[in-house]
Amino acid sequence: MKARIYTADHRMFDLPPLLDWRITYTGGVPCDSYRVRFLFRREMAEVLRLAAGFAVLDSNGGFLLRATVDEYTLGLDGGGLTATVLGRGLAARLLDNESRPVTYQGVTLEEIIRSHVEPYGITCREAAHLRADSVYTVAAGSSQWKALEGFCRAYGGFVPRFTREGELLALPETETRRITVNENNALLACTLREDHYGVLTEALVIDKTRNQSYSVKNQDWIDRGGQCRRVLYTPGQSTWAAMRYTGEYQIARSQEEAWTLTLTLPGCFHAFPGDRAEVDLPRLDLRGVYRVAEAENRSGGQEGSQSVLILKPLPEKTAGTA
């Protein structure tokens, strides 16, 4: 594995062998991220000062990650003088840049990408053919990511994501590959967590201009005894479809952290976000197929190489009922 820095003045610098490293894949937001540490040499000073881009490549020269450089530090201890570089995946470019407020009529996803994605050096590998059937508004203070994500959720029912190469995929997710996890695997640790706090049972969406409201309920959590309502206000002249989407979106987001299965495995790069994990762990009463939501890979220190996979239930087509 090779780590590489790209400077603001368009130079490329391959880093020395890494002492330890961590790469976390999410595919979207929060961004992919990394942390690498290596022995510092005097000639690296100018490279680190101008560091703008970062890449990790496998033994065949393929990208394992393309990212930004957010920070570097120098440290001196008994092990010598070392440098540490940290950063995020290219989704950070869209998160860090704010959009001007704008209202579109009948806009397409292609136009959204052209206005909110491409100006920031992001290449779109694939995009769905979507068109808004009503007014689409990007509110003041929205990031370029929110402008893109909001459109994809509202008119396509999916969340855009990034490849390891840093290219945008603005289309529904499809299963890429599947791994098997059972008690015959060399599992180092396994943790199941269910958190009911903050899961919405109702989202009441109100259009103040027309004095109309639309309620979306999460019947499953109501049946389980939950009681957590949020009141949301939308811009004037909202359509029923937009109001329903807003309610379902808020309920779906509130449920994202409710159930998590965390697996720690020896070795790295077993799976990536969007992959499927077929789990058979009778002692935890777990049998089924789950989505890999996050994959952290790390190496160095006494623990050696490890991969931590965070699994979530497969997404449902709808988040609530009217």
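Computed from a prediction, not measured in an experiment: that's the story for all the values here. (Residues numbered from 1 in each chain as written. Predicted model: local features only at pLDDT ≥ 70, side-chain atom pairs only at ≥ 80, totals over all residues. Heavy atoms only, no water.)

Engineer: I keep staring at the pairing of strand β5 (residues 51-57) and nothing clicks. Help me out?
Structural biologist: Within a regular strand, the side chains alternate between the two sheet faces. Where burial is concerned, most of β5 is hidden: six out of the seven residues are buried. Here β5 pairs with strand β6 (residues 63-68) via five bridges, running antiparallel. Of the residues in β6, the one forming a bridge with Leu 57 is Phe 63. Remark: five residues form the turn of the hairpin made by β5 and β6, two consecutive strands paired antiparallel; Gly 61 in that turn has positive phi of roughly 90 degrees. (Buried < 20%, exposed > 50% of the residue type's maximum accessible area, 1.4 Å probe, protein only. Helix = DSSP H or I, 4+ residues; strand = E, 2+ residues; numbered from the N terminus. Pairing = 2+ DSSP bridges.)

Engineer: How should I be thinking about the environment of Val 279 in this particular structure?
Structural biologist: With respect to the helices, strands and loops of the structure, Val 279 is situated in strand β20 (residues 276-281). Given a relative accessible area of 2%, Val 279 falls into the buried group. Val 279 sits 32 residues away from Leu 311 along the chain, and the two C-alpha atoms are 9.9 Å apart. Residues within four places of Val 279 in sequence aside, it is in contact with Val 181, Leu 261, Leu 286, Arg 287, Gly 288, Tyr 290 and Leu 311. (Contact = heavy atoms within 4.5 Å.)

Engineer: Teacher, can you tell me more about the nonpolar core here?
Structural biologist: Considering soluble globular proteins, one finds that nonpolar side chains tend to be buried as a cluster. Leu 109, Ile 112, Tyr 136, Leu 148, Phe 151, Phe 162 and Leu 168 are the most contacted members of the largest nonpolar core, which totals 29 residues. Breaking this core down by element, the ones donating at least two residues are α2 (91-95), β9 (102-105), α3 (109-116), β11 (135-138), α4 (144-156) and β13 (168-170). Among the elements that take part in this core, α4 stands out by supplying five residues, more than any other. In this view, Phe 151 contacts Val 107, Thr 108, Leu 109, Ile 112, Leu 130, Arg 131, Ala 132, Tyr 136 and Gly 156; residues no more than four positions away in its chain are not counted. (Core = buried A, V, L, I, M, F, W, Y, C linked by side-chain atoms within 4.5 Å.)

Engineer: Help me out: how do you make sense of the sheet that holds strand β17 (residues 212-217) in this one?
Structural biologist: Strand pairing in a sheet relies on backbone hydrogen bonds. The paired strands run either parallel or antiparallel. Pairing within the open sheet is mixed, and its three strands lie in the order β17-β16-β18. Two strands lie at the open edges of the sheet, namely β17 and β18 (229-234), each paired on one side alone. In this sheet, adjacent strand axes meet at a mean angle of 20 degrees when their direction is disregarded. In terms of strand pairing, strand β16 (residues 202-207) meets β18 through six bridges, oriented parallel. What sits directly across from Asp 207, in β18, is Thr 234. (Axes fitted to C-alpha atoms, helices over the stretch in contact; angles between N-to-C directions.)

Engineer: Just checking my understanding: could you explain the side chain of Ser 143 for this structure?
Structural biologist: Along the chain, Ser 143 falls in the loop between β11 and α4. For Ser 143, a relative accessible area of 14% puts it in the buried group. Contacts of Ser 143, omitting those with residues within four sequence positions, involve Leu 94, Leu 95, Asn 97, Glu 98 and Ser 99.

Engineer: Looking at this structure, I do not really get the packing of aromatic side chains. What am I missing?
Structural biologist: Two aromatic rings, taken as a pair, are described by how far apart their centres are and by the angle between their planes. Counted under the stated rule, the structure contains 10 aromatic pairs. With 5.0 Å between their ring centres and 80 degrees between their planes, Tyr 25 and Phe 272 make a pair best called edge-to-face. Residue Tyr 25 is found in strand β3 (residues 18-25), and its partner Phe 272 is found in the loop between β19 (259-266) and β20; the two are separated by 247 residues along the sequence. By relative accessible area, Tyr 25 is classed as buried at 1%. Taken together, Trp 21, Tyr 25, Phe 269 and Phe 272 form an aromatic cluster joined through their ring pairs. One cation-aromatic arrangement involves Arg 66 over Phe 63; the distance from NZ or CZ to the ring centre is 5.8 Å. In this arrangement the basic side chain of Arg 164 is found over the ring face of Phe 272, its NZ or CZ atom lying 3.8 Å from the centre. (Phe/Tyr/Trp six-rings, centres within 6.5 Å; stacked < 30°, edge-to-face > 60°. Lys NZ or Arg CZ within 6 Å of the ring centre and 35° of its normal.)

Engineer: Can you help me understand the sheet that holds β5 in this one?
Structural biologist: Overall, antiparallel pairing links the four strands, which are arranged β2-β1-β5-β6 in an open sheet. The strands lining the two open edges of the sheet, one partner per strand, are β2 (12-14) and β6. Across this sheet, the average inter-strand angle for adjacent strands is 20 degrees, counted without regard to direction.

Engineer: What is the right way to look at the pattern of salt bridges in this model?
Structural biologist: Two side chains that carry opposite charge are able to pair once their charged atoms sit near each other. A full pass over the atoms with the stated rule returns 22 salt bridges. Arg 35 is paired through a salt bridge with Asp 20; the nearest N and O atoms lie 3.1 Å apart. Of this pair, Arg 35 sits in strand β4 (residues 33-39) while Asp 20 sits in strand β3, placing them 15 residues apart in sequence. The class of Asp 20 is buried, set by a relative accessible area of 13%. (Salt bridge = Lys/Arg side-chain N within 4 Å of Asp/Glu carboxyl O.)

Engineer: Teacher, can you tell me more about unusual backbone geometry here?
Structural biologist: Phi is mostly negative for residues that are not glycine, and the peptide bonds are mostly trans. Here the residue pair Val 29 and Pro 30 is connected by a cis peptide bond, since its omega of 0 degrees sits within 30 degrees of zero. Residue position: Pro 30 is located in the loop between β3 and β4. A positive phi angle, near 70 degrees, is found at His 10, a position not held by glycine.

Engineer: Explain the pairing of β3 here, please?
Structural biologist: Bridge count between β3 and β4: six bridges; the pairing is antiparallel. Of the residues in β4, the one forming a bridge with Leu 18 is Phe 38. Bridge count for β3 against strand β21 (residues 286-299) is five bridges, and the pairing is antiparallel. Counted as the bridge partner of Tyr 25 is Ala 295 from β21.

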